[in-house]
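For reference, the chains in residue letters:
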Amino acid sequence: EAGVAQSPRYKIIEKRQSVAFWCNPISGHATLYWYQQILGQGPKLLIQFQNNGVVDDSQLPKDRFSAERLKGVDSTLKIQPAKLEDSAVYLCASSLRLAGSTDTQYFGPGTRLTVL
Amino acid sequence: GEDVEQSLFLSVREGDSSVINCTYTDSSSTYLYWYKQEPGAGLQLLTYIFSNMDMKQDQRLTVLLNKKDKHLSLRIADTQTGDSAIYFCAETTASGGSYIPTFGRGTSLIVHP
């Protein structure tokens, strides 16, 4: 079974530029998560999708961050414009979300963003 | 709000047992997890425990949950150099039909030969 795919793996941009990350979850997984992991910290949930609907985006800085999952499969996360403090690893995860399940999340390798 | 705390570092000798501790604040946590992250990689689920359990054993891993004290621990028996990684404790809380995860900052486990 293929895992969660993310691209690019690395991105370097200057502040005020825009950037987009792509995630392809495990086939059949209904729920998709985007996390921000700043160096030395645990992942922080940015947004959670159930199929193509947003379940939780309370920690997403909506003035500059946006995410979509139009067909309920792939997802993109965009930052526009980027700030220095956005430098982090952006992790995508997916889960099957069976009723009463443990909701185990499977993580992709992440995209490391450096904002100069 | 929810908070998950972990010690930042743990150093052990190869062959010894490692115990990584975690405390959390949300008493309505449903599941508690331990993840492993190796350098440059995403998080790998090691094990989980439902909040109505006290203990779970899976090969070299033992998870203990003290719900009264909101304390979770992960014991790794016969620790190997390949176990060197960052270990994250996480909890999920049911909220409006969804599960909102909160992670700790991670404990760096260093295993000396």
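All values reported here derive from a predicted model rather than from experimental measurement.

### Quick look at the overall build of chain A
Within chain A, the regular secondary structure consists of 0 helices and 11 strands. Going from the N terminus to the C terminus, chain A shows its helices and strands as β-β-β-β-β-β-β-β-β-β-β. Here chain A has a C-alpha radius of gyration of 14 Å; the compact-globule value for 116 residues is 13 Å, and the two agree. Considering only C-alpha atoms, chain A reaches an extent of 45 × 25 × 25 Å along its principal axes. The proportion of buried residues among the 116 residues of chain A is 47%. A separation threshold of at least 6 residues defines the contact pool for chain A, and within that pool the share at least 24 residues apart is 54%. For chain A, the exposed surface amounts to about 5,700 Å²; the carbon and sulfur share of it is 52%. Taking the average place of the 13 positive charges on the side chains of chain A and the average place of its 10 negative ones, the gap between the two points comes to 5 Å.

### Structural notes on the packing of aromatic side chains
Within this structure, the stated rule accounts for 13 aromatic pairs over all chains. Their ring planes at 85° and their centres at 6.2 Å tell us that Phe107(A) and Phe103(B) sit as a pair that is edge-to-face. Taken together, the residues Phe107(A) in strand β10 (residues 106-107) and Phe103(B) in strand β10 (residues 98-103) connect one chain to another. No difference in accessibility class separates Phe107(A) from Phe103(B), as the two residues are buried. Cluster of aromatic residues (ring-pair linked, three or more members): Tyr33(A), Tyr35(A), Phe107(A), Tyr31(B), Tyr33(B), Tyr35(B), Tyr48(B), Phe50(B) and Phe103(B). The cationic tip of Lys56(B) hangs over the ring face of Tyr48(B); the distance from NZ or CZ to the ring centre is 3.7 Å.

### Comments concerning the layout of surface pockets
A probe as big as a water molecule, rolled over the atoms, marks out the empty space that is left. Empty space within the largest pocket amounts to approximately 470 Å³. Along the walls of the largest pocket sit 27 residues, with Gln37(A), Leu39(A), Gly40(A), Gln37(B) and Ile86(B) positioned nearest its centre. Only β9 (88-95) and β11 (111-115) of chain A together with β9 (85-95) of chain B provide two or more residues apiece to the lining of the largest pocket. In terms of residues, the lining of the largest pocket owes the most to one element, β9(B), which gives 3 residues. Among the residues forming the lining of the largest pocket, the class breakdown is 13 nonpolar, 10 polar and 4 charged. Put simply, the second largest pocket is a space of about 340 Å³. In terms of residue count, the dominant contributor to the lining of the second largest pocket is β10(B) (4 residues). Residues of the lining of the second largest pocket, tallied by class, amount to 7 nonpolar, 7 polar and 4 charged.

### As for a nonpolar patch on the surface
Together, Leu8(B), Phe9(B) and Ile110(B) make up an exposed nonpolar region whose accessible area comes to about 310 Å². Accessibility expressed as a relative area gives 40% for Ile110(B), which makes it partly exposed.

### Digging into the side chain of Thr92(B)
Residues and elements named next belong to chain B. With respect to the element layout, Thr-92 can be found in strand β9. Here Thr-92 falls in the buried class, since its relative accessible area comes to 2%. Ignoring any residue separated from it by four or fewer positions in sequence, one finds Thr-92 in contact with Ser-29, Thr-30, Tyr-31, Tyr-33, Tyr-99, Ile-100 and Pro-101.

### Remarks on the pairing of strand β5 (residues 43-50) of chain B
All names here are of chain B. Two elements, strand β4 (residues 29-37) and β5, share 7 bridges in a ladder whose sense is antiparallel. What sits directly across from Tyr-35, in β5, is Leu-45. Where β4 folds back onto β5 in an antiparallel hairpin, the turn is made up of 5 residues, including Gly-40, whose phi is positive at roughly 75°.

Conventions we followed
Residues numbered from 1 in each chain as written. Chains lettered and ligands numbered in written order. Predicted model: local features only at pLDDT ≥ 70, side-chain atom pairs only at ≥ 80, totals over all residues. Heavy atoms only, no water. Helix = DSSP H or I, 4+ residues; strand = E, 2+ residues; numbered from the N terminus. Rg over C-alpha atoms; globule rule 2.2 N^0.38 Å. Buried < 20%, exposed > 50% of the residue type's maximum accessible area, 1.4 Å probe, protein only. Contact = heavy atoms within 4.5 Å. Areas by Shrake-Rupley, 256 points an atom, 1.4 Å probe, with all protein chains shown as cover. Lys, Arg positive; Asp, Glu negative; His and termini not counted. Charge placed at Lys NZ, Arg CZ, Asp CG, Glu CD. Phe/Tyr/Trp six-rings, centres within 6.5 Å; stacked < 30°, edge-to-face > 60°. Lys NZ or Arg CZ within 6 Å of the ring centre and 35° of its normal. 1 Å grid on protein atoms, 1.4 Å probe; cavity = no way out; pocket = protein on both sides within 12 Å on 5 of 7 lines; lining within 4 Å. Points joined across faces, edges and corners; volume = space filled by probe spheres on them. Nonpolar A, V, L, I, M, F, W, Y, C, P; charged D, E, K, R; others polar. Patch = residues over 30% accessible without salt bridge, like charges linked within 9 Å, V, L, I, M, F, W, Y side chains within 5 Å. Salt bridge = Lys/Arg side-chain N within 4 Å of Asp/Glu carboxyl O. Pairing = 2+ DSSP bridges.

Worth remembering: the numbers are spatial, not functional.
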